[in-house]
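# Residue-level structure breakdown
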Amino acid sequence: MPTSLKTIKSRLDAHLGENLTVVAQAGRKKVIRRRGTLAETFHSVFVVDLDQNENSFERVSYSYADLLTKSIDITFDSEATEADSSADEEVVDAE
């Protein structure tokens, strides 16, 4: 994980408009999972437009510090499919 807020922002800027999943810690044993699209990045926060079929509100914002402190975890759909395909390749190599 990046170690500075500037690095986090630049990495998110590269993924603007992409679909993602946000997993947020909401308590000791409670986790909130939301799907949406990375809409905007600002100086200290980024905005996710949520899927209306799954959520009761349209947008949510998080700070870059949330990522730095691991209060939230994000996974872009493009990265998830790359990880799945590389895992498939590993299985093929093992056989």
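A short tour of the structure in this document, coming up. What you see is a predicted model; the values in this text were computed from it and never measured.

## Quick word on the overall build of the protein
Assigned secondary structure in the protein consists of 3 helices and 5 strands. Ordered by position from N to C terminus, the α and β elements of the protein give α-β-β-β-β-α-β-α. Across the 95 residues that make up the protein, the buried fraction comes to 26%. Accessible surface computed for the protein: about 6,500 Å², of which carbon and sulfur atoms make up 49%.

## Notes on the pairing of strand β4 (residues 59-63)
Burial along β4 is one-sided: the residues Val60 and Tyr62 are buried and none of Arg59, Ser61 and Ser63 is. Strand direction decides the pairing type here: strand β3 (residues 45-50) and β4, joined by 5 bridges, are antiparallel. Across the sheet, residue Phe46 finds its bridge partner in β4, namely Tyr62.

About the thresholds
- Residue positions are given per chain, counted from 1 along the sequence in the order it is written.
- Side-chain atom pairs in this predicted model are given and counted only at pLDDT of 80 or more, local residue features only at pLDDT of at least 70, and totals for whole chains, interfaces and linings cover all residues.
- Values reported for side chains reflect all heavy atoms of the structure, with hydrogen atoms and water molecules removed beforehand.
- Strands here are runs of E lasting at least two residues and helices are runs of H or I lasting at least four, both read from the DSSP assignment and numbered beginning at the N terminus.
- Partly exposed residues are those whose accessible area sits between 20% and 50% of the maximum for their type, while under 20% is buried and over 50% is exposed, using a 1.4 Å probe and protein chains only.
- Surface accessibility in these figures is a Shrake-Rupley result with a 1.4 Å probe; residues are shielded only by whichever protein chains are displayed.
- DSSP-based pairing: two strands are paired if at least 2 bridges between them are found.

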